[in-house]
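Listed below are the residues making up each chain.
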Amino acid sequence: MDIQAFRKNAHQMVDWMADYFEQIEQYPVKSQVKPNDIYQLLPETAPEQAEDFQAIFSDFQKTILQGITHWQSPNFFAYFPANSSYPSVLAEMLTATMGAQCMIWETSPAAAELEERMMEWLKEMMGLPNEFVGVIQDTASTATLCAILSAREKASGFTINHTGFTGKEQFRVYCSSQTHSSIDKAVRIAGLGSDHLRKIEVDEHFAMKADKLQAAIIEDIANGFTPLCVVAATGTTSSTAMDPIKMIGEVCQQHNVWLHVDAAYAGTAAILPEKRWILDGLELADSYVFNPHKWMFTNFDCTAYYVKDKGALIRTFEILPEYLKTKNDHTVNNYRDWGVQLGRRFRALKLWFVIRSFGVEGIRNRLRDHLSYATYFEQEIKQRFEVEIMTPTHLNLVCFRFKPTGLSEDALEKYNQGILDNINKSGKAYLTHTKLDGKYTIRAVFGQTYLQKKHVSALISLLEEVNTEHTLKR
Ligand code: PLP
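Attention here is on the structure that accompanies the text. (Residues numbered from 1 in each chain as written. Predicted model: local features only at pLDDT ≥ 70, side-chain atom pairs only at ≥ 80, totals over all residues.)

### Description of the overall build of the protein chain
Short version of the rule: Where helices and strands are cited, they refer to DSSP runs of H or I of at least four residues and of E of at least two residues respectively, numbered from the N terminus. For this measure, only C-alpha atoms enter the radius of gyration; the expected value for a globule follows 2.2 Å times N^0.38, where N is the number of residues. With C-beta atoms placed from the backbone, the exposure class of a residue follows from how many other C-beta atoms lie within 10 Å of its own: 20 or more, buried; 12 or fewer, exposed; in between, partly exposed. Once C-beta atoms are placed from the backbone, any two residues with those atoms within 7 Å are in contact.
When its secondary structure is counted, the protein chain shows 15 helices and eleven strands. Taking 23 Å as the expected radius of gyration for a compact globule of 474 residues, we find that the protein chain reaches 24 Å, a close match to that expectation. Principal-axis analysis of the C-alpha atoms places the extent of the protein chain at approximately 65 × 65 × 45 Å. Every one of the 474 residues in the protein chain was classed for burial, and the buried ones make up 43%. Excluding contacts between residues fewer than 6 apart, the proportion of contacts in the protein chain whose partners are at least 24 apart in sequence is 74%.

In structure tokens:
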């Protein structure tokens, strides 16, 4: 492809992209392909000769698109969203075009300094504690790993990186039984041993019980363990349960334990003054993570990670071979030392585009719309169906199950599973499930960037249609 062909093809693709967004509701939200379908359509070997771009693009549309689940569809109510938005996509086009590798300040000063500024903007937009210093990571999983590694290094006087675990204390990490699997993974990768992660009991709303945490820590100390880190969740994955950060923070301070707060999804809500209570007590935390790539209209991947002790983070990851040394090392932020990766994408650009293009007020308005859709949905389903709301709706995730009278727990599970399967097979909407208290629960998240009330109404009608079919079959 030469530069003229690049220009021509790029124009064609931008038109396709705009058409895609305009017509996204025509695609089945959840891809309907079966395992191996796409693989079988792909040639066994790479082409020896250059292929025409039109053939590649046509295959993308014919072969690939059918195997894509359309996360940007306003009828996507599954998991948590991984939102993009028009300004974010445009920024990603520029990022890909420049292809800058932003490992150190010198390899693109604007990337480092825009990142620093964006982390300050977000901190101010959300009223995060002033001492926090931010850095962009790829995912919340990586940020949580950074937190646990920093806690590990700090607690061992920064020795494990150099001498390994020999002769070191038996560390313990704590989280609730509802926290995300990334905590289990981080504990394993940090070499602590997965049985050194203690899952603390939750209350009836699936939030960690701070008194149980206190008891577990005291017991562990008595048994010769060193409590290392507590991971509190602000908005668990299953149900957006809110762990009581303040109470947990007080326990951590009492025992000198690192507190990491995982608000991967829910953190965005703190842009709303009326929702800032979700972060009450955050000043007691050592580190904090939320994902603009979930609910803040910024393409995956973009995770905001904040720490109180920047020095501990840098000492955990710092490594300086000769070929990376620069004259400015002592005066600039070299983000290679703030996490696992050396090479780094230019992620701050899309945040800059999103925040400026929506304006903070525009973001707030959209979030408030999303919250109101969840309230509307919950009220409507309570009126129309025999349903059980499984947990309080703090934000924009509604957890519910159909509960026709007279069905056993097993039958209820099958009934709800059947409804979910039929909704997703219809291609008109996509919902996922979890289990709360062992009970099969349907999750509906109202957070897609371009979601409107009419999509929520359409989902309710679809549920009505599918539920009626199921009731008739009984
Ligand atoms: N923490 C919570 C509470 C989550 O809900 C998720 C993902 O949904 C994660 C962590 C992991 O996020 P990531 O995919 O950015 O690693």
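### Topic: the nonpolar core
Most often, soluble globular proteins have nonpolar side chains that are buried together. Heads up, the condition is: The nonpolar core is taken to be a set of buried Ala, Val, Leu, Ile, Met, Phe, Trp, Tyr and Cys residues joined by way of C-beta atoms within 7 Å.
Residues Val173 and Ile248 are the most contacted members of the largest nonpolar core, which totals 128 residues. Sorting elements by how many residues they give to this core places helix H13 (residues 348-384) first, with 13 residues. Once residues within four sequence positions are removed from consideration, Val173 is found in contact with Ile148, Val187, Leu192, His196, Leu197, Leu228, Cys229 and Val231.

### Regarding the site of the ligand
What counts is decided by this rule: As a rule, any residue with its backbone-derived C-beta atom within 6 Å of a molecule or strand is reported as near that molecule or strand. Charged residues are taken to be Asp, Glu, Lys and Arg, nonpolar residues to be Ala, Val, Leu, Ile, Met, Phe, Trp, Tyr, Cys and Pro, and polar residues to be all remaining types, Gly included.
The local shell around the ligand holds 14 residues, among which Thr139, Ala140, Ser141, His180 and Ala264 are the closest. Residue composition of the shell around the ligand, by class: five nonpolar, eight polar and one charged.

### As for helix H1 (residues 3-23)
Just so we agree on the cut-off: Expected span, for any helix, means 1.5 Å times one less than how many residues it has.
The first and last C-alpha atoms of H1 sit 30 Å apart over 21 residues, in line with the 30 Å expected at 1.5 Å per residue. Within H1, only zero of the 21 residues are buried, which leaves it mostly out in the open.

### Describing the sheet that holds strand S3 (residues 197-200)
Condition: Note: two strands are recorded as paired if DSSP finds a minimum of 2 bridges between them. Throughout, an axis means a line fitted to C-alpha atoms (over the contacting stretch in the case of helices), and angles, computed between N-to-C directions, take values from 0 to 180 degrees.
Reading across from one edge, S1-S7-S6-S5-S4-S2-S3 is the order of the seven strands in this open sheet, with mixed pairing throughout. With one partner strand each, in any of the chains shown, strand S1 (133-137) and S3 form the two edges of the open sheet. Pairwise comparison of adjacent strand axes, ignoring direction, gives a mean angle of 20° for this sheet. Its contacts with the sheet put helix H10 (residues 245-255) on strand S4 (225-233) and strand S5 (258-262), and the angle it makes with S4 is roughly 165°.

### A look at the sheet that holds strand S8 (residues 387-389)
With antiparallel pairing, four strands are arranged side by side in an open sheet as S8-S9-S11-S10. Since the sheet does not close on itself, it has two edges, and those belong to S8 and strand S10 (432-436), each with one partner. Neighbour-to-neighbour, the strand axes of this sheet turn through a mean angle of 40°, independent of strand direction. Relative to strand S9 (residues 397-402), S8 runs antiparallel, the two being bridged by three bridges. In the sheet register, Glu388 faces S9, and the bridge partner there is Arg401. Taken strand by strand, helix H14 (residues 409-426) contacts S9, S10 and strand S11 (439-445), and its axis lies near 30° from that of S11.

### With respect to the environment of Ser194
When you line up the elements, Ser194 lands in the loop between helix H8 (181-189) and S3. Ser194 sits 162 residues away from Gln32 along the chain, and the two C-alpha atoms are 36 Å apart.

### Description of the environment of Phe297
Along the chain, Phe297 falls in the loop between helix H11 (292-295) and strand S7 (303-307). Residue Phe297 is classed as buried on the basis of its 30 C-beta neighbours within 10 Å. Leaving out residues up to four positions away in the same chain, Phe297 has contacts with Asn83, Ser85, Ser88, Val354, Phe358 and Thr449.

### Points about the packing of helix H6 (residues 140-155) against helix H12 (residues 310-317)
Angle between the axes and distance between the axes: these two values describe a pair of packed helices. Defined as follows: Any angle that is under 35 degrees is reported as roughly parallel, and any over 145 degrees as roughly antiparallel; angles of 65 to 115 degrees are reported as roughly perpendicular and all others as oblique.
Closest axis-to-axis distance for the H6/H12 pair is 9 Å, and the angle between their directions is 90°. As the angle between them shows, H6 and H12 are arranged roughly perpendicular. Of H12, the residues touching H6 (which contributes Cys146, Leu149, Ser150, Glu153 and Lys154) are Ala312, Leu313, Arg315 and Thr316. Residues that form the contact of H6 with H12 fall into these classes: four nonpolar, two polar and three charged.

### Some details on the pairing of S7
Extensive coverage of S7 is indicated by the burial of five of its five residues. Side chains Thr303, Tyr305 and Val307 of S7 all project onto a buried face; the interleaved residues Ala304 and Tyr306 project onto the opposite face, where all are buried too. Relative to S7, S1 runs antiparallel, the two sharing five bridges. Bridged to Gly134 within S7 is Tyr306.

### A look at unusual backbone geometry
The step from Phe300 to Asp301 runs through a cis peptide bond, and the omega angle for that step is 5°. Assignment of secondary structure puts Asp301 in the loop between H11 and S7. We note that Asn36 has phi near 85°; this positive angle belongs to a residue other than glycine. Structurally, Asn36 is set in the loop between H1 and helix H2 (37-41).

### Structural notes on the environment of Leu313
Within the fold, Leu313 resides in helix H12. A C-alpha to C-alpha distance of 17 Å links Leu313 and Gly343, two positions 30 residues apart in sequence.

### What about the pairing of S4?
Inclusion rule: By convention, orient the strands away from the viewer: a clockwise path from the first strand over the helix to the second makes the crossover right-handed.
Counting buried positions along S4 yields seven of nine residues, so the element is predominantly enclosed. As defined by bridge partners, strand S2 (residues 170-176) adjoins S4 across five bridges and the pair is classed as parallel. Bridge pairing in S4 links Gln170 to Phe225. Direction of pairing for S4 relative to S5: parallel, over a ladder of five bridges. In the sheet register, Val231 faces S5, and the bridge partner there is His260. Once the chain exits S4 it traverses H10 before rejoining the sheet at S5, and the crossover so formed is right-handed.

### Observations concerning H13
Inclusion rule: The term bend refers to the angle at a residue between two fitted axes, each drawn through seven residues, those ending there and those starting there.
Taking 1.5 Å per residue, 37 residues should reach 54 Å; H13 reaches only 45 Å between its end C-alpha atoms and comes up short. Along its length, H13 reaches its greatest deviation from straightness, about 85°, at Gly359.

### Side note on the packing of helix H9 (residues 210-222) against H10
Applicable threshold: What makes a crossing left-handed is the near helix being turned counterclockwise from the far one by less than a right angle; a clockwise turn instead makes it right-handed.
Between H9 and H10, the shortest axis-to-axis distance is 9 Å and the interhelical angle comes to 20°. Relative to H10, H9 is oriented roughly parallel. When you trace H9 past H10, the crossing you get is right-handed. Residues Ala210, Leu213, Gln214 and Ile217 of H9 form the contact with H10, whose participating residues are Met247, Ile248, Val251 and His255. Residues belonging to the contact of H9 with H10 are distributed by class as follows: six nonpolar, two polar and no charged.

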